[in-house]
Structure formats: C-alpha cells, structure tokens
Amino acid sequence: MSKFKMMSAAVLSLSLLLSGCGNSTKESQSSDEKKTASSEVKITLLNSKGEIQAQLEEAAKEFSKENPGTTLEVIPAAAGQSPFEKVSSMYAAGNAPTIAMLDPGDVKKFADKALDLSKEKWVNDSVERSLDVVKTDDGKVLGFPFAVEGYGLIYNKAVLDKAVGGNFDPTSVKTRKDLEELIKKIQKTGVASNLQSPMDWSLAGHFLPIGYSVQSDKSEEVEAFLTNLKEGKEDLAKNEKLNGLLDTFDLLKENNINKKDPMSGTYEQGPELLGKGQVGLWFMGNWAWPQIKDFDTASGNYGFLPVPISDNPDDYGNSQIPVGVTKYLIVDKEQNTPEQQAAAKKFLEWLVYNEKGQDMLVNKASIIPAFKNITLEPQDPLAKSIKAYMNNNKTLQFMVTLPPDHWSQIGAFMQQYLDNKIDRKQLFKEIEGYWKSQQ
C-alpha cells in the first residue's frame, strides 16, 4: 500500500472515529436533556376554599421556588359546586388533581384512590382526634387535616360597644332573650342588627346542623339521633332543641337586613356590611376574616357569639360554638405518577414544618392549624375567638361527616323557609324525608 493510501486510510479512520464520538456526545447530551425535562414535576391542588385562593397561589409560588424542578398549580373549585362533585368529574375525565381538598365526609368515598399517608412525619404531630374521620379500620390515614374552623354569630365589637353604651362582653349573651335584647339595642343606634346570608352551604352545612350537635354532648348519642332520623324514628316537630334553634333562626330572619328580599344576599355582601359596621352580627365562620379585614372599621375587634337555642343559660349549646377540622387534603395514587405523589407529600410536609409554610397557613390564610408543633399564634380576631372557646372547653361537635348532598338538598328547603315559602311543619317534613332516603 502506498504512503498516500495509508495516510488516506488513517485520515478516514480518524474521521470516522471522531464522527462516532460526535454522535455519542450528541446522544449523551440529548439523553441529559431528556432527563432534565423528565425531572420537571408538575403537581396540582384542587382548592375548595375559594376565600384563600390568592393565599394558596402565593404559597404555591414559594414552594415551587424552594423546590426547583417542582411546579404547583392551584385549581379553584367553582363556587357552589361541592368538592365531591368536582373531584369525581376530574377522575371521570382522567385528570385527577394530585392533591384534592375535600370535606371530611367525602374523604372515605375516595379511599380506593387516595394514597396512604400513615407513615408521614406530621401524623404524629396532628392534634387529638383530628385524624379520626380519615382513618381506615386497617390503620391507613387517607387525609391531611388542613384547617380547624369554627362558626357562630360574628360580631363587630365597635357596633356592639355603641349599642350597649360601654364595653361589650360576649359572655353576656347566654340565651335567646339576651340575643333579642342585643338586637333591639343595635337597632336603636340606627344600625341594622344582623345579616342572615342565604347560601345553601351556610344554612344547611352550618346553621341547621347545630340542631344535630346540641342533641347531646356525646358524639355517639348525636350519631344515634341521626340513625333514628334515617330509620324514621324521630318526630322533629316534637324535638325541643331543633325547634329552639329554629326559634332563634326566626328571630334572625325577622331582623335580617335583607328581610324584604332574603334570597338577594351573597357571601361577598357579608364581610363588607359587617366590616363597615352596617350590621352588628353576621352568621358565618372564621374563614371570612381575610375578606372582613378588607373592610375593617373596628380596628380588628371581632369575635363569635354562640347561636342560643333556648332561654335557659345552662342549656348545652347556649355557650358553645361548633369547632372542628373542616377540610382534608388527599393525595391521588391512581392518575398521578410516583414522582408527583412524592412532590405532593413534600408540599404537605412543607406546610407543617417549613417556616414559610406555617406562615402561609396561620398568618396569610388565617387558618387554625391542626398540628401541635406549629406554635404560631393566630393573629386574626376570629381565630383567637375560636381558640378561646377551645381553651375553655366551650365547643360543639362540628358536623363534618354529613352526607355530601346534605347542604344542597336541605339547603334548598332552608332557603324556602328563610324566604317564607314553606312553614316549619313543611320544613321538618322535608328534613325527615331527606334522612329517610339516606339508607
């Protein structure tokens, strides 16, 4: 072989070798790019607490910033749509959220789709009984307790101070008669005494269930009462406590600022009227504080009064307000990847143990956390009021495991009662009929 041919062959071999290395390098780069792309994890959170959508979006940005490669998107549930309906439709569409915020009674309905969270660190730091309704018989924990909440008659202290001519003492209202006297005093100052909002979830998810929880201070006896309702063994027309609650409802609807058109009210109307001091009382829960704060004219002086059910100050329910875990987060195990599930668990841990996560819960979203390790004291007055009731053992059972359609079905009847379209006899008949159908 001539020198020229040998040199040509050598050059060709070197060229092929370099060409091969180039391909190998390109393949390696391409592989690395794919790896980087696949390591990007996007997770979603379905939020059914519309009043904290902005705060959750802020938390999602902070979490994503602290966890490069993970993006959290917060999807709002439509107003008026139950979380159960929304999540069910998302599963049916094959697009289940990584994390779903559900009402307590709905969690076990997704037991076959929810990831077992029993080995998570926060389980041991959760407050007593906060996991009871989301535990299975075999010890699985299906939900993360997101929010402790309470409700009652929120009062604007500036309005009430003026009405009583001094420093209003919330413990002075122990009976329906006390409440009636307070209403009259507020009205004498030229201010409307109260707003009774017409939303079905408020009327049948919060107001009417007080009538269930005051049946007994023992949860098993409350359950027995509901079982009797299902079996048609309760005559509500003769139930003293439920009648007493509706007597108070009648007092509130008679003095409602929207009395002439009770169905015209909206949730958004409440924070403005109360915050601006245009009403003295509004039946609602602590979740309303972020909105009330926007209209606050009382220097943050607000609190809760119980909804009295009788004129006997010693009756159970007259000095207590309902308090309990009202929202749980579940993590999907069916339609989200193991990487997404891991990121979701990391977010839950971030809420409990990260300073910014805790700040988002307690200070930004005004949520009372269900975890003993979180020492941040709630700054908002409604959370403080609830904590005071909790500390004094003045709480009622928050009826968090009612059937998912309770507030929509019975809420419609309560709206008719509020609007004087049906009387109490008809209302009781409808409530009894609803429970008999829950077999």
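Further up the page is the structure itself.
Counting of residues starts from 1 at the beginning of each chain's written sequence and follows it residue by residue. For a predicted model such as this one, the threshold for reporting local features is a pLDDT of at least 70, and the threshold for listing and counting side-chain atom pairs is 80 or more; totals across whole chains, interfaces and linings nevertheless cover every residue. The side-chain figures draw on all heavy atoms in the structure; neither hydrogens nor water molecules are used.

A. Representation of the overall build of the protein chain in the model. Counting from the N terminus, the helices are DSSP H or I runs at least four residues long and the strands are E runs at least two residues long. Scanning the protein chain from N- to C-terminus turns up 16 helices and nine strands. In what follows, a contact means two residues having at least one pair of non-hydrogen atoms within 4.5 Å. Sequence-distant contacts, at least 24 apart, represent 75% of the contacts inside the protein chain between residues at least 6 apart. About 20500 Å² of surface is accessible on the protein chain, with carbon and sulfur atoms providing 49% of the total. The distance from the centre of the 51 positive side-chain charges to the centre of the 60 negative ones in the protein chain is 3 Å. Working definition of accessibility: Shrake-Rupley area with a 1.4 Å probe, residue cover restricted to the visible protein chains. Under the counting rule used here, the positive set is Lys and Arg, the negative set is Asp and Glu, and His together with the chain ends is not counted. Lysine's charge is taken at NZ, arginine's at CZ, aspartate's at CG and glutamate's at CD.

B. Focus on the packing of helix α15 (residues 406–418) against helix α16 (residues 424–436). Packing of α15 against α16 brings their axes to within 9 Å, and their N-to-C directions diverge by 170°. One way to sum up the angle between α15 and α16 is to call them roughly antiparallel. Note on element contacts: α16 touches α15 through Arg424, Leu427, Glu430, Ile431, Tyr434 and Trp435, opposite His406, Gln409, Ile410, Phe413, Met414 and Tyr417. Three categories are distinguished: nonpolar for Ala, Val, Leu, Ile, Met, Phe, Trp, Tyr, Cys and Pro, charged for Asp, Glu, Lys and Arg, and polar for the others, with Gly belonging to the last. A class-by-class count of the residues in the contact of α15 with α16 yields eight nonpolar, two polar and two charged. Angles here are taken between N-to-C directions and fall from 0 to 180 degrees, while the axes themselves are lines fitted to C-alpha atoms, restricted in helices to the stretch in contact. When an angle is under 35 degrees it counts as roughly parallel; over 145 it counts as roughly antiparallel; between 65 and 115 it counts as roughly perpendicular; any other value is oblique.

C. Representation of helix α9 (residues 240–254). To estimate how far a helix should reach, multiply one less than its number of residues by 1.5 Å. When the terminal C-alpha atoms of α9 are compared, their 21 Å separation across 15 residues agrees well with the 21 Å that a helix rising 1.5 Å per residue should span. The buried label applies to any residue whose accessible area, calculated with a 1.4 Å probe on protein chains only, is under 20% of its type's maximum; exposed applies above 50%, and partly exposed to all values in between. Those residues of α9 that sit buried are Leu242, Asn243, Gly244, Leu245, Leu246, Thr248, Phe249, Leu251, Leu252 and Lys253. N-capping of α9 is provided by Asn239, with a side-chain oxygen placed 3.2 Å from the backbone N of Lys241. For the purposes of these results, a polar contact is taken to be a pair of N or O atoms within 3.5 Å, where, inside protein, one atom must be able to donate a hydrogen and its partner to accept one; residues adjacent in sequence count only when each atom of the pair is a side-chain atom.

D. Focus on the nonpolar core. Here, nonpolar core means buried Ala, Val, Leu, Ile, Met, Phe, Trp, Tyr and Cys residues that are tied together by side-chain atoms lying within 4.5 Å of each other. Trp122, Phe146, Tyr212 and Ile410 are the most contacted members of the largest nonpolar core, which has 132 residues in total. Here the element with the most residues in this core is strand β4 (residues 144–156); it accounts for eight residues.

E. A look at unusual backbone geometry. Even without being glycine, Ser299 reaches a positive phi, approximately 55°. With respect to the helices and strands, the residue Ser299 is situated in the loop between α11 (289–293) and β7 (302–305). With a phi angle near 60°, Asn420 is a residue other than glycine that sits in the positive phi range. With respect to the helices and strands, the residue Asn420 is situated in the loop between α15 and α16. For Asn420, a relative accessible area of 58% translates into the label exposed.

F. Focus on the packing of aromatic side chains. Side-chain rings of Phe, Tyr and Trp, where Trp is taken by its six-membered ring, are said to pair if the distance between their centres is within 6.5 Å; with planes under 30 degrees apart they count as stacked, over 60 as edge-to-face, and otherwise as tilted. For the structure on display, the rule yields 20 aromatic pairs. Seen in terms of ring centroids, Tyr151 and Phe398 are 5.0 Å apart; in terms of plane orientation they differ by 85°. Their pairing is edge-to-face. Linking Tyr151 in strand β4 with Phe398 in the loop between β9 (395–397) and α15, this pair joins segments that are 247 residues apart in sequence. The same class applies to Tyr151 as to Phe398, namely buried.

G. Examining the pattern of salt bridges more closely. Throughout this description, the term salt bridge denotes a Lys or Arg side-chain nitrogen within 4 Å of a carboxyl oxygen of Asp or Glu. Within this structure, the stated rule accounts for 22 salt bridges. A salt bridge links Asp103 to Lys327, with the shortest nitrogen-to-oxygen separation between them at 2.6 Å. Here the residue Asp103 occupies a position in the loop between β3 (99–102) and β4, and Lys327 occupies one in strand β8 (residues 321–331), the gap between them amounting to 224 residues. Among the residues examined, Asp103 registers a relative accessible area of 19% and is labelled buried. Linking Glu120 and Lys345 is a salt bridge whose minimum nitrogen-to-oxygen distance equals 3.7 Å. Of this pair, Glu120 sits in the loop between β3 and β4 while Lys345 sits in helix α12 (residues 338–353), and the two are 225 residues apart along the sequence. By relative accessible area, Glu120 is classed as buried at 13%. When salt bridges with common partners are traced through the structure, they connect Glu62, Lys65, Glu66 and Lys356 into a single cluster.

These values are about where atoms sit, not about what they do.
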